[in-house]
Amino acid sequence: MATSLWKSSPTRMRVVTYIVLVVAAIWVLVPFLWAVVNSFKDVLETYTSGAFIPFVSFTPTLASWQEVLSDPSVPLALQNSTVISLCTTAMVLILGTPAAYALARYQFPIQSRDIAMWFLSQRVMPPAVVLVPFFILMVNLRLIDTQIGLILVYTTFNIAFGVLIMRDIFRDLPREIEEAARVDGANDLQIFFRIALPLSVDGLITTAVIVFAFSWNEALFAATLASQQAITLPFNILASRSTRGVDFNTAAVNTLIAIVPPVVLSFFVQRYLARGLSFGAVKG
Amino acid sequence: MAAVSADEGRRAIELSQEIQVARPRRYAGFVPYLLLLPAVVWVIAFTIYPLIAAIRYSFVNYVLGQGVVEFVGLANYADVIHNADFWHSVLITAIYSGIAVPLELVIGFGLAWFVSLNPPGHRLFRLLLTAPLFTMDVAIGYLGVTLYSPQGGLIDSLGHAIGLNIPWMSTAAGGLAGAILLDVWLWTSFIFLIACAGLAGISDEIYEAALLDTSSQWRIVRDIALPLIWPVLSIGFLLRLVESFKTFGLPYALTSGGPGTSTQLFTTMTYLTTLQFFDFGHGAAMGIIFLLLVSVVLTILVRQMRRALD
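Residues numbered from 1 in each chain as written. Chains lettered and ligands numbered in written order. Predicted model: local features only at pLDDT ≥ 70, side-chain atom pairs only at ≥ 80, totals over all residues. Heavy atoms only, no water.

Caption draft 1: The overall build of chain A, seen in detail. From N to C terminus, chain A includes 15 helices and 0 strands. Taken over the C-alpha atoms alone, chain A extends approximately 70 × 65 × 35 Å along its principal axes. Across chain A, the fraction of contacts at a sequence separation of at least 24, relative to all contacts at a separation of at least 6, is 75%. By element, 67% of the accessible surface of chain A is carried by carbon and sulfur atoms, the whole surface being about 11400 Å². Both charge centroids of chain A, one from 18 positive and one from 16 negative side chains, sit 9 Å from each other. (Helix = DSSP H or I, 4+ residues; strand = E, 2+ residues; numbered from the N terminus. Contact = heavy atoms within 4.5 Å. Areas by Shrake-Rupley, 256 points an atom, 1.4 Å probe, with all protein chains shown as cover. Lys, Arg positive; Asp, Glu negative; His and termini not counted. Charge placed at Lys NZ, Arg CZ, Asp CG, Glu CD.)

Caption draft 2: Structural view of the overall build of chain B. The helix and strand tally for chain B stands at 13 helices and 2 strands. Since a compact globule built from 310 residues should have a radius of gyration of about 19 Å, the 27 Å found for chain B marks it as more spread out than a globular shape. Overall, chain B is about 90 × 60 × 30 Å in size when its C-alpha atoms are taken along their principal axes. Here chain B holds 310 residues, and 52% of them are scored as buried. A separation threshold of at least 6 residues defines the contact pool for chain B, and within that pool the share at least 24 residues apart is 69%. For chain B, the accessible surface area stands at approximately 14000 Å², while carbon and sulfur atoms represent 67% of it. (Rg over C-alpha atoms; globule rule 2.2 N^0.38 Å. Buried < 20%, exposed > 50% of the residue type's maximum accessible area, 1.4 Å probe, protein only.)

Caption draft 3: Representation of helix α12 (residues 266–276) of chain B in the model. Most of α12(B) sits out of view: 10 of its 11 residues are buried. Taken together, the buried positions of α12(B) are F266(B), T267(B), T268(B), M269(B), T270(B), Y271(B), L272(B), T273(B), T274(B) and L275(B). Turning to α12(B), the residues buried within the fold contact α7 (131–140) and α12 (220–225) of chain A together with α4 (84–116), α10 (217–245), α11 (249–255) and α13 (280–308) of chain B. F278(B) occupies a position one or two residues after α12(B) and carries a positive phi of about 50°.

Caption draft 4: Structural view of the domain arrangement of chain B. Examined at the domain level, chain B breaks down into domain 1 (2–40) and domain 2 (78–308). Centre-to-centre, using C-alpha coordinates, domain 1 of chain B lies 46 Å away from domain 2 of chain B. (Domains from an automatic or database assignment.)

Caption draft 5: Layout of the interface of chain B and chain A. Taken together, the contact between chain B and chain A spans 113 residues of the former and 114 residues of the latter. Of the roughly 10400 Å² buried between chain B and chain A on both sides combined, carbon and sulfur atoms contribute 77%. Seen at the junction of chain B and chain A, the total is 0 salt bridges. Connecting chain B to chain A are 10 residue pairs in polar contact (both at pLDDT 80 or more). In terms of residue class, the side of chain B that touches chain A is made up of 83 nonpolar, 20 polar and 10 charged. (Buried area = accessible area lost by both parts, 1.4 Å probe. Salt bridge = Lys/Arg side-chain N within 4 Å of Asp/Glu carboxyl O. Polar contact = N/O pair within 3.5 Å; in protein donor to acceptor, adjacent residues only side chain to side chain. Nonpolar A, V, L, I, M, F, W, Y, C, P; charged D, E, K, R; others polar.)

Caption draft 6: Focus on a nonpolar patch on the surface. Side chains of L91(B), I95(B), I99(B), L103(B), V106(B) and I107(B) sit close together on the surface and give an oily, nonpolar patch of about 490 Å² of accessible area. Inspection of the secondary structure assignment puts I107(B) in helix α4. (Patch = residues over 30% accessible without salt bridge, like charges linked within 9 Å, V, L, I, M, F, W, Y side chains within 5 Å.)

Caption draft 7: Spotlight on the nonpolar core. Of all hydrophobic cores here, the largest spans 205 residues; its most connected members are F119(A), F170(A), F221(A) and W113(B). Among the elements that line this core, the one with the most residues is helix α8 (residues 172–200) of chain B, at 17 residues. Residues contacting F170(A), with those up to four places away along its chain left out, are T97(A), A100(A), Y101(A), A104(A), R105(A), F192(A), A196(A), L197(A) and S200(A). (Core = buried A, V, L, I, M, F, W, Y, C linked by side-chain atoms within 4.5 Å.)

Caption draft 8: Looking closely at the environment of L293(B). All names here are of chain B. Secondary-structure assignment places L293 in helix α13. When the C-alpha positions of L293 and T135 are compared, they lie 29 Å apart, and in sequence the two are 158 residues distant. If near-sequence neighbours (up to four positions away) are discounted, L293 is found in contact with W87 and V90.

Caption draft 9: Molecular detail of the pairing of strand β1 (residues 60–63) of chain B. All names here are of chain B. Taking every second residue as pointing to the same face, the buried face of β1 carries V60 and Y62, while none of N61 and V63 on the other face is buried. Pairing of β1 with strand β2 (residues 67–71), which is carried by 4 bridges, proceeds in the antiparallel orientation. Considered in β2, the bridge of Y62 is made with V68. Where β1 hands over to β2, the hairpin turn is made up of 3 residues, of which G65 adopts a positive phi near 95°. (Pairing = 2+ DSSP bridges.)

Caption draft 10: Quick peek at the packing of helix α8 (residues 147–172) of chain A against helix α11 (residues 201–217) of chain A. Residues and elements named next belong to chain A. Their axes nearest at 10 Å, the elements α8 and α11 cross at an angle of 160°. Taken together, the axes of α8 and α11 lie roughly antiparallel to each other. In the crossing of α8 with α11, the sense of the turn from one axis to the other is right-handed. Touching Y154, N158, F161, G162, I165, M166 and I169 of α8 are G203, L204, T207, I210, V211, F214 and S215, all from α11. Looking at the contact of α8 with α11 residue by residue, the classes come out as 9 nonpolar, 5 polar and no charged. (Axes fitted to C-alpha atoms, helices over the stretch in contact; angles between N-to-C directions. Parallel < 35°, antiparallel > 145°, perpendicular 65-115°, else oblique. Left-handed = near helix turned anticlockwise from the far one by under 90°.)

Caption draft 11: Expanded view of the pattern of salt bridges. Per the counting criterion, the structure on display carries 10 salt bridges over all chains. If you follow the salt bridges from partner to partner, you end up with D168(A), D172(A) and R275(A) in one network.

Caption draft 12: How the structure looks around the side chain of T274(B). With respect to the helices and strands, the residue T274(B) is situated in helix α12. There is a polar contact of 2.6 Å between the side chain of T274(B) and the backbone oxygen of T270(B). Excluding residues that lie within four positions of it along the chain, T274(B) makes contacts with L131(A), V132(A), D279(B), F280(B) and G283(B).

Caption draft 13: Spatial organisation of empty space enclosed by the protein. Here the structure, examined in full by the defined rule, presents 4 cavities of 30 Å³ or more. As a volume, the largest cavity reaches approximately 550 Å³. Lining the largest cavity are 29 residues; nearest its centre among them are R123(A), F214(A), E218(A), D137(B) and E243(B). Among the secondary structure elements, those contributing two or more residues to the lining of the largest cavity are α6 (112–124), α8, α11 and α12 of chain A together with α8 and α10 of chain B. In terms of residue class, the lining of the largest cavity is built from 14 nonpolar, 8 polar and 7 charged. By volume, the second largest cavity amounts to about 120 Å³. Forming the boundary of the second largest cavity are R123(A), V124(A), F161(A), F214(A), L277(A), F279(A), W187(B), F190(B), L239(B), R240(B), V242(B) and E243(B). Elements that contribute at least two residues to the lining of the second largest cavity include exactly α6 of chain A together with α8 and α10 of chain B. With 4 residues, the single largest contributor to the lining of the second largest cavity is α10(B). (1 Å grid on protein atoms, 1.4 Å probe; cavity = no way out; pocket = protein on both sides within 12 Å on 5 of 7 lines; lining within 4 Å. Points joined across faces, edges and corners; volume = space filled by probe spheres on them.)

Written out as structure tokens, the structure reads:
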């Protein structure tokens, strides 16, 4: 915390700090605002350049939203994205959390750190390397173009998050509480479920949001393994870009539908984000 | 009295040391394996198998509907190595990552520094500057088409307003620059977040001591903050670099690889080979060769992470 630096800063330095931060905030916000403004225009008004202020320079309309949502592929993609991301999150937590606890608390013939690294190595491998095998595997399992197929793939690529971030958070729990429960007669499983898990809810929620967002945003496997039934939002965007081209207003609506849910979720889990996204290597 | 309490103290220390030593050795039976194995088995089933399968497919001619038709030895590898499009995509990936990631590192660290000064409102700035990390790259690329459009796109219009006529979507360099600019918009937030976490770990007393020597904030950043968070920042940098080698959604949604093949990154190339031409043998060989090419970076990353995880 560099609070003392701020207190000792001359006014000139403080002004520079705010200018930098405000410029950065505007830079981050502009695409969001551009999308919001365009989503309330109709097609003709999107060609009026300089019309940025609703009610003043153009009349806002919900026509573009209605147009996008009346295309049956959009509600389907929204539904698939939601189901697939939620199921992936559940799977990752169910499989990853116990493994994380085991790595944090017990000794194995192989060092816990090496097992953790092995999980990480699954995540750093470029997914394009295994694109072909996954495609053939899903064809053979008759899971091509199904929600289950994508859930299997996303669970595989996100387990590393669950294991590494939760391992780190369990290691930070004071052992004394668990030892006390053991003295009171609790067994290992009871300690995990009744003591360690409830004390780690913050970490679990952060992990859940990260996994949800990564599944929600994933495009490569979505484009590879889905075709009609299991289409997700990224698939739908890529498909409508190539078949219908890009209208400013409908592109804006599609963008907003796609980016708002994970961004809003992220606002609630600021605490362990750095830790989660660096696989526990950076204490946040 | 004093002698007794000293004795008690010693015994307490001995006892606690005994417990310390005894803890890891405590017998927990099958429970640790019950907790660990489901995840391990899952990952082995769904990653080791595909990786082995990828190596196998890279040596065969695979026809969709018929399966493996013939064993072709190293022919797929030879084809890929002599394929100029493949090397072009590797080059484009290198240029893309080589420009975007350092920019993200510098901007992300800079912004993290200013936020970490804790000026009033720093929480709001932190929240805003983290938000792009959660946006869908495909959607941002798609929105980018409208931002760069010569028919009233925001960035294009702003460029004209200040006298810059950048042909964003019509030239090779413009398309690549446009994709990199949006990549920086999205991923700077990652370095920002990591750097914020690193800077939060430096205690205020260190800065107070430094302020006795110098009042130059630049010197404090260069001589104190940067060296102290370098281990953290380098992990962030390597993770980001590895992640950027996988880039697909943003440039693909923005330009579909064009204009020409100027934004044909490695992942886009493999995707097209595999899924549009159903050329599985060559697609698999491309994947393996690329994995070998990036394994240098992967090895450095893994070594750094291994140190940080313990």
